[in-house]
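Summary of structural features
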Amino acid sequence: MTGSGQQFYYNVATHQVEEGRVSDWSHLMGPYPTREAAQKALETAAARAQKWKAEEEEEER
């Protein structure tokens, strides 16, 4: 977390990181504690989705 307690969001419409909730919530992913984490929002979401899919497939076996 930054010293200021600021949170970061990834805007899926502009593909930019925003400090604080600048845009409409429907365009934002987050909050993230750092700018770097927000920049990786899509990668993080894809990795989580892949993990959940693998878990569901394992449960079906």
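Report on the accompanying structure.

This part takes up the pairing of strand S2 (residues 16-19). In the sheet, strand S1 (residues 8-11) pairs with S2 via four bridges, with the strands oriented antiparallel. Paired with Asn-11 across the strands is Gln-16, a residue of S2. What sits between the antiparallel neighbours S1 and S2 is a turn of four residues, in which His-15 has the positive phi angle 60°.

In spatial order, the strands read S2-S1-S3; together these three strands make up an open sheet with antiparallel pairing. Edge strands, defined here as strands with exactly one partner in the open sheet, are S2 and strand S3 (28-32). Within the sheet, the average angular offset between the axes of one strand and its neighbour, ignoring direction, is 25°. Its contacts with the sheet put helix H2 (residues 41-60) on S1 and S3, and the angle it makes with S3 is roughly 95°.

Under the defined criterion, the tally for this structure stands at three salt bridges. The partner of Lys-51 in a salt bridge is Glu-55, with the nearest N and O atoms 3.8 Å apart. Placement of both Lys-51 and Glu-55 in helix H2 is noted, with a separation of four residues, approximately one turn of the helix. Ionic pairing is found between Arg-61 and Glu-58, a salt bridge with its closest N-O pair at 3.4 Å. Judged by relative accessible area, which is 74%, Arg-61 ranks as exposed.

Here we take up the environment of Val-12. When you line up the elements, Val-12 lands in the loop between S1 and S2. In this structure, the C-alpha to C-alpha distance between Val-12 and Ala-41, residues 29 residues apart in sequence, is 9.4 Å. Setting aside anything within four residues of it in sequence, one finds Val-12 in contact with His-27 and Met-29.

A few words on the nonpolar core. Formed by Phe-8, Tyr-10, Val-17, Met-29, Tyr-32, Ala-38 and Ala-41, the largest nonpolar core amounts to seven residues. Elements supplying a minimum of two residues to this core: S1 and S3.

What counts, and where the lines are drawn
- Throughout this document, residue positions are counted from 1 along each chain, in the order its sequence is written.
- It should be noted that, the model being predicted, local features are given only for residues of pLDDT at least 70 and side-chain atom pairs only at 80 or more, the latter also being counted only at that level, while totals for whole chains, interfaces and linings use all residues.
- The basis for every side-chain value is the complete set of non-hydrogen atoms in the structure, without hydrogens or water.
- What makes two strands pair is DSSP finding at least two bridges between them.
- Segments assigned H or I by DSSP are reported as helices when at least four residues long, segments assigned E as strands when at least two residues long, and all are numbered from the N terminus.
- Here, axes are lines fitted to C-alpha atoms. For helices the fit covers the stretch in contact, and angles between N-to-C directions go from 0 to 180 degrees.
- Here, residues are in contact when the closest pair of their heavy atoms is within 4.5 Å.
- In what follows, salt bridge is the name for a side-chain nitrogen of Lys or Arg lying within 4 Å of a carboxyl oxygen of Asp or Glu.
- Relative accessible area decides the class of each residue, using a 1.4 Å probe on protein chains only: under 20% of the type maximum gives buried, over 50% gives exposed, and in between gives partly exposed.
- Put simply, a nonpolar core is a bunch of buried Ala, Val, Leu, Ile, Met, Phe, Trp, Tyr and Cys residues held in one set by side-chain atoms that sit within 4.5 Å of each other.

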